[in-house]
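Summary of the model geometry
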Amino acid sequence: MARCYHTQQDIRNNRNIMGKHYLNPLFSPKSVAVFGASDRPDSVGQIVFQNMLESGFQGALYPINVKNPEVQGKRAYASIGDIGEPVELVVIATPPQTVPGIIEDCGIHGVKAAVIITAGFGEAGHEGEALEKELLETARRYGIRLIGPNCLGIMRPSIGLNATFNKGNANTGNIAFVSQSGALCTAILDWAQGNDVGFSSVVSMGSSTDVDFGEILDYLVSDASTTSILMYIEGIRNARSFMSAMRAAARIKPVILVKVGRHAAGSKAAMSHTASLVGADDVFDAAVSRIGVVRVQTVTQLFTAAKALSCGFRPVGNRLAIVTNGGGPGVMATDRAADLGLAMATLSDSTVEYLNQYLPPNWPHANPVDIIGDAQADRYHHAVKACLEDDNVDGVLAILTPQAMTKPLESAQALIALADSHSKPLLTCWMGEKQVNEARDAFAKAHRPHFRTPEPAVEVFSHLSAYYRNQKLLMQMPGPFSHHVEPDVESARLIIEGAMQEHRKVLTEMESKAVLSAFHIPVARTMVAHSPNEALLIAQQLGFPVAMKVNSPDITHKSDAGGVLLNLNNAHEVRAAYQHIIDNVQHNRPNAKVDGISIEPMVVKPNGRELMIGVTSDPVFGPVITFGAGGIAVEIMGDRAVALPPLNDFLVKELIQDTRIAKMLGKFRNMAPANMEALEDVLLRVSEMVCELPLLKEMDINPLILDENGALAADARVVVEFRQPSADRYSHMAIYPYPTQLVSQWQLADGTDITIRPIRPEDAQLVQRFVHDLSDESKYFRFMNSMHELTETMLVRLTQIDYSRELALIAVKVEQEQEVELGVARYAINPDGGSCEFALVVADSIQGKGLGQKLMVSLMEAARAKGLSVIEGEVLSNNHKMLKLMTRLGFAIKVSDEDPGVMKVNKPL
């Protein structure tokens, strides 16, 4: 079979499963040259080169200085060409106008990576922008990858790489830290020294002119020395790339980030600092939650959350139990839990009975579990053990205040032993100082998270529960369509195109409702009158009472313009209302274009709740769906939750529960519970609209009236905008939908029915069985080693893919009501964005029956539809069946320059 790699993370630029990566020259260089290395005290070049010397870099190190033959005791060179040896990475700390020429020289001499510390480029006005453009064009011409400019640099403590101007080195550890702020990096590095925090990598991104977040994450996912990834973000340039890379990373390792610019003033500061777009903060929250990432608010939380996740906890929810020897701290923790939306666990009857045996009679018999001030180690042991083993509890916070009878160290040791034997989060807060120091040292030695006050401990538990929740969101892979009854997409598109041909961006209410109807969203029947008499005839036809509203593309809030009258019960009221609305609008909005008055039956729903469903376009993440309370006070209420499409049943339920209005949708006073299925159906239909109508910019359904019988869109407004057509039908979305359009049916010559479809996360066990049943030869051709079973990490990479950057088509048949995998073909897009690398493997029992060819043809058609121009791969020279298939499919075949035992194959698409 063709040489195949685990995912795109293992494919780019011919990297292999042994760990080669196209960013290796940046992260693991064998040789480094420092341009601007100097003896001048406190100059950037002096500090960078001193850091490289003092950190014990394990490769060759060359100072480059055009004036001095020696720098800091090492022979210096006037240029890269004078070195006479290969250089993999250069660090540049020279004036900005010299940098493009240096990159040109480096390209000629085979350098593959550069860290540009120098400032004065894009952030420095038009002249700097021109310089940055020249720099990037030169680097791309020679295939040099750049970090920066205007950055602190990069660190890899394990190999002694400290290519920064930070004063001092970092401890070696397993945390990778990636930051858009160099100044914050220096502060964190200084803080880490005193807090026993070590790093696998520290990367200051600077202006991110070339290498971006996505590529750095791509490397860190495959880096064995990194177990968690921490990020400081000011703004995002490419949402699709960011989301794609974050999804890939968060599937394998915890990713925790701080994003600044949460408020308007901060956003402006962030924009001026990085020239990156900053989207609405709740949209950013929704985005990172959807991709399995945890967002924290402070740098301290960043590291405490990372430490907690590194302890091997398996968080499964947000129900917290608190065990304390003092009532006050317990209340403080409970208050903070309520602030963060955590649930205080309700102890089971069996837990209460157990605790009755070991606690004084006056314990409160509830959570928080106050074990009374004289509690010692045995009482802490029994109370915490009971809570950890209660199915109603997801995590425990144990608090100790030093009182006359307490033994802080013994109690700490008891809890450390419990933590080692339980997977639920156990956080500790030993308050005070002198009397609890030994206990804190014990927690630190055991690598168990401990805190001085209750509130930070509760915050960390909230981050752990958010990680669990977000990982569930990450697993959701909705398709563009959520129903068996497909919408009439073509009709909706024609309505939109008709408006745009008339140079209108705002659809009329009638047009807006027609678009909703095309997607099977129930709407109130509406007709438009252009005179008082016509209004009367329409009202009589619809039946009294009616509602009358101004029909204008220029007026969003019709009530504010005096353009709405309700409960009109007879002909006289209707005729008077027509002129009354016209007069109101002419007075309040004299420049608005009015195209008659819309008339519809009054929606009489005694148990109706007024809701709003909307679509808005975020400048960074594209279309987002909003849900919340509706009606005329929607802005004042401010009750909205946000989600990125596409949505499925699980995601829709999460969206609804994130609002305050959700509490009113059940049985409320004398009102019957609302029809939740109808509401969920409308939200799913709106998700379909966003997926299939790329010209849709904004939409309001307000109010959507929901009662026990169903939902009805009483009013709607749609705004559209022109978008350049793309070969990628979902290019307007930050999250690529499950590509249902690639599902197809096929049949073997013997009549076996086969489904070919994109792989899904829930296919993990299917894939595991498939690989297990392959022959040793097929496994070797597939993975180029003698592996027997897929590891959990490999399985995640193979099944939880991002359809915007890779694709795996699996062929399955049904046996005894269960799917069985017969083969898989996959591609991953290369860094050039225009080509892809493929892999193919077919079950031994079905080889020679045409399935391999069918899978490859399907894969190539999908790659062509994606806009890719070339498909390529590598085949072992003794894999004769595969080489024969490649010949039949028209691939060019040649011997690899690097390995004569490997054949390179490629085909233009």
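Position numbers for residues count from 1 along each chain, tracking the sequence in the order it is written. The model is predicted, so local features are restricted to residues of pLDDT at least 70 and side-chain atom pairs to those at 80 or more, both for listing and for counting; the totals for chains, interfaces and linings are taken over all residues. By convention in this description, side-chain values take in all heavy atoms of the structure and omit both hydrogens and water.

Overview of the sheet that holds strand 3 (residues 60-64)
The following threshold applies: A pair of strands is considered paired only if DSSP assigns at least 2 bridges between the two. By the criteria applied, helices consist of DSSP H or I runs no shorter than four residues and strands consist of E runs no shorter than two, each listed in order from the N terminus. The axes are straight lines fitted to the C-alpha atoms, using for helices just the contacting stretch, and the angles between their N-to-C directions are given from 0 to 180°.
Spatial strand order, 3-2-6-7-8: five strands in an open sheet with parallel pairing. Because the sheet does not close on itself, it has two edges, and the strands there are strand 3 and strand 8 (145-147). If you compare each strand with its neighbour and ignore which way they point, the axes differ by 20° on average. One ladder, built from four bridges, connects strand 2 (residues 31-35) with strand 6 (residues 89-92); its direction is parallel.

Here we look at helix 26 (residues 792-799)
Basically, it comes down to this: For every residue, the accessible area (1.4 Å probe, protein chains only) is compared with the maximum for its type, and the residue is labelled buried under 20%, exposed over 50%, or partly exposed between those bounds.
Of all eight residues in helix 26, six are buried; the element is thus mostly enclosed. The complete set of buried residues in helix 26 reads Met794, Leu795, Val796, Arg797, Leu798 and Thr799.

Some thoughts on the side chain of Asp763
The line we're drawing: When checking whether two residues touch, look at their non-hydrogen atoms; a contact exists if any pair is within 4.5 Å.
By secondary structure assignment, the location of Asp763 is in the loop between strand 33 (753-758) and helix 24 (764-773). Of the residues examined, Asp763 reaches a relative accessible area of 3% and is grouped as buried. Leaving out residues up to four positions away in the same chain, Asp763 has contacts with Arg757, Thr799, Ile810 and Glu819.

Looking at the layout of surface pockets
Formally: Lining residues are defined by having an atom within 4 Å of a point belonging to a cavity or pocket. Those points lie on a 1 Å grid over the protein atoms alone, cavities being sets where a 1.4 Å probe fits but cannot get out and pockets being open sets with protein on both sides within 12 Å along at least five of seven lines. Grid points are joined across faces, edges and corners, and a volume is the space filled by probe spheres set on the points. When residues are sorted by character, Ala, Val, Leu, Ile, Met, Phe, Trp, Tyr, Cys and Pro go into the nonpolar class, Asp, Glu, Lys and Arg into the charged class, and all the rest, Gly among them, into the polar class.
Considered as a void within the structure, the largest pocket measures approximately 1,600 Å³ in volume. If you trace the largest pocket, you find 48 residues lining it, with Ser289, Leu340, Ala466, Arg469 and Asp658 closest to the centre. It is helix 16 (residues 454-474) that contributes the most residues to the lining of the largest pocket, 10 residues altogether. The class makeup of the residues in the lining of the largest pocket is 18 nonpolar, 14 polar and 16 charged.

Topic: the packing of helix 24 against helix 26
Defined as follows: If an angle is under 35 degrees, it is roughly parallel; if it is over 145, roughly antiparallel; if it lies from 65 to 115, roughly perpendicular; otherwise it is oblique. Crossings are assigned a handedness: left-handed for a near helix turned anticlockwise from the far helix by less than a right angle, right-handed for a clockwise turn.
Two elements in contact, helix 24 and helix 26, have axes separated by 10 Å at closest approach and are oriented at 115°. When the axes of helix 24 and helix 26 are compared, the pair comes out roughly perpendicular. The interaxial crossing formed by helix 24 with helix 26 has right-handed handedness. Residues Ala764, Val767 and Gln768 of helix 24 touch helix 26, and the partners they reach there are Leu795, Leu798 and Thr799. Residue classes in the contact of helix 24 with helix 26 are distributed as four nonpolar, two polar and no charged.

A word on the sheet that holds strand 23 (residues 546-550)
Spatially, the four strands line up as an open sheet ordered 22-25-23-24, and their pairing is antiparallel. A single partner strand is all that each edge strand has here, and the edge strands are strand 22 (527-529) and strand 24 (564-568). Across the sheet, the axes of successive neighbouring strands diverge by a mean angle of 25°, strand direction being ignored. One ladder, built from five bridges, connects strand 23 with strand 25 (residues 597-601); its direction is antiparallel. The partner of Ala547 across the bridge, within strand 25, is Glu600. Helix 19 (residues 532-542) rests against strand 22, strand 23 and strand 25 of the sheet, and its axis sits at about 155° to strand 22.

Quick word on the packing of helix 3 (residues 99-108) against helix 4 (residues 126-142)
Running from N to C, helix 3 and helix 4 point in directions that differ by 0°, and their axes come no closer than 9 Å. Compared by their axis directions, helix 3 and helix 4 come out roughly parallel. Contacts from Val99, Pro100, Ile103, Glu104, Gly107 and Ile108 of helix 3 reach helix 4 at Leu131, Glu134, Leu135, Thr138, Ala139, Arg141 and Tyr142. A class-by-class count of the residues in the contact of helix 3 with helix 4 yields eight nonpolar, two polar and three charged.

Topic: the packing of aromatic side chains
Stated formally: For Phe, Tyr and Trp, rings pair up if their centres lie within 6.5 Å, where Trp contributes its six-membered ring, and each pair is then called stacked (planes under 30 degrees apart), edge-to-face (over 60) or tilted (otherwise).
By the definition in use, this model includes 15 aromatic pairs. Ring plane angle 5° and centroid distance 4.1 Å describe the contact between Phe27 and Tyr219, whose orientation is recorded as stacked. Separated by 192 residues along the polypeptide, Phe27 in helix 1 (residues 24-27) and Tyr219 in helix 6 (residues 213-222) bring together distant segments of the chain. Residues Phe27 and Tyr219 agree in their burial class; the two are buried.

As for empty space enclosed by the protein
In this structure the tally under the stated criterion is five cavities of 30 Å³ or more. Forming the walls of the second largest cavity are Arg240, Met243, Ser244, Arg247, Met477, Ala734, Ile735, Tyr736, Asp802, Tyr803 and Ser804.

Section: the nonpolar core
Our working definition: Working definition of a nonpolar core: buried Ala, Val, Leu, Ile, Met, Phe, Trp, Tyr and Cys residues. They are joined through side-chain atoms within 4.5 Å.
Among the nonpolar cores identified, the biggest contains 64 residues, and Met231, Phe621 and Leu644 are the most heavily contacted of them. Apart from the residues lying within four places of it in its own chain, the contact partners of Phe621 are Ala239, Phe242, Met243, Val283, Phe284, Ala287, Leu644 and Ala734. Counting 58 residues, the second largest nonpolar core, distinct from the first, contains Leu766, Leu795, Leu851 and Leu885.

Quick notes on the pairing of strand 7 (residues 113-116)
So the rule is basically this: By definition, the crossover connecting two strands over a helix is right-handed if that path, from the first strand to the second, turns clockwise as seen with the strands pointing away from the viewer.
Here strand 7 shows two buried faces, one formed by Ala113 and Val115 and the other by Ala114 and Ile116. Sheet analysis places strand 6 next to strand 7, joined by four bridges and oriented parallel. From the neighbouring strand, Val91 faces strand 7, where its bridge partner is Val115. Of the crossover connections in this fold, the one passing from strand 6 over helix 3 to the parallel strand 7 is right-handed. As judged from the three bridges shared by strand 7 and strand 8, these two strands associate in the parallel manner. Residue pairing for strand 8: Val115 is matched across the bridge by Ile147.

Quick word on the pattern of salt bridges
For clarity, the cut-off: When a carboxyl oxygen of Asp or Glu lies within 4 Å of a side-chain nitrogen of Lys or Arg, that pair is called a salt bridge.
For the structure on display, the rule yields 39 salt bridges. Salt-bridge contacts for Arg379 lead to Asp374; the nearest nitrogen and oxygen are separated by 2.6 Å. A salt bridge links Arg685 to Glu688; its shortest N-O distance comes to 2.9 Å. Of this pair, Arg685 and Glu688 both sit in helix 23 (residues 676-692), three residues apart, roughly one helical turn. An identical accessibility class is assigned to Arg685 and Glu688; each is buried.

Quick word on the pairing of strand 11 (residues 172-179)
In this sheet, strand 12 (residues 199-204) lies alongside strand 11 in parallel orientation, the contact comprising six bridges. Of the residues in strand 12, the one forming a bridge with Ala176 is Ser201. Read from strand 11 through helix 5 (residues 182-193) to strand 12, the crossover connection turns out right-handed. Bridge count for strand 11 against strand 13 (residues 228-233) is five bridges, and the pairing is parallel. Across the sheet, residue Phe177 finds its bridge partner in strand 13, namely Leu230.

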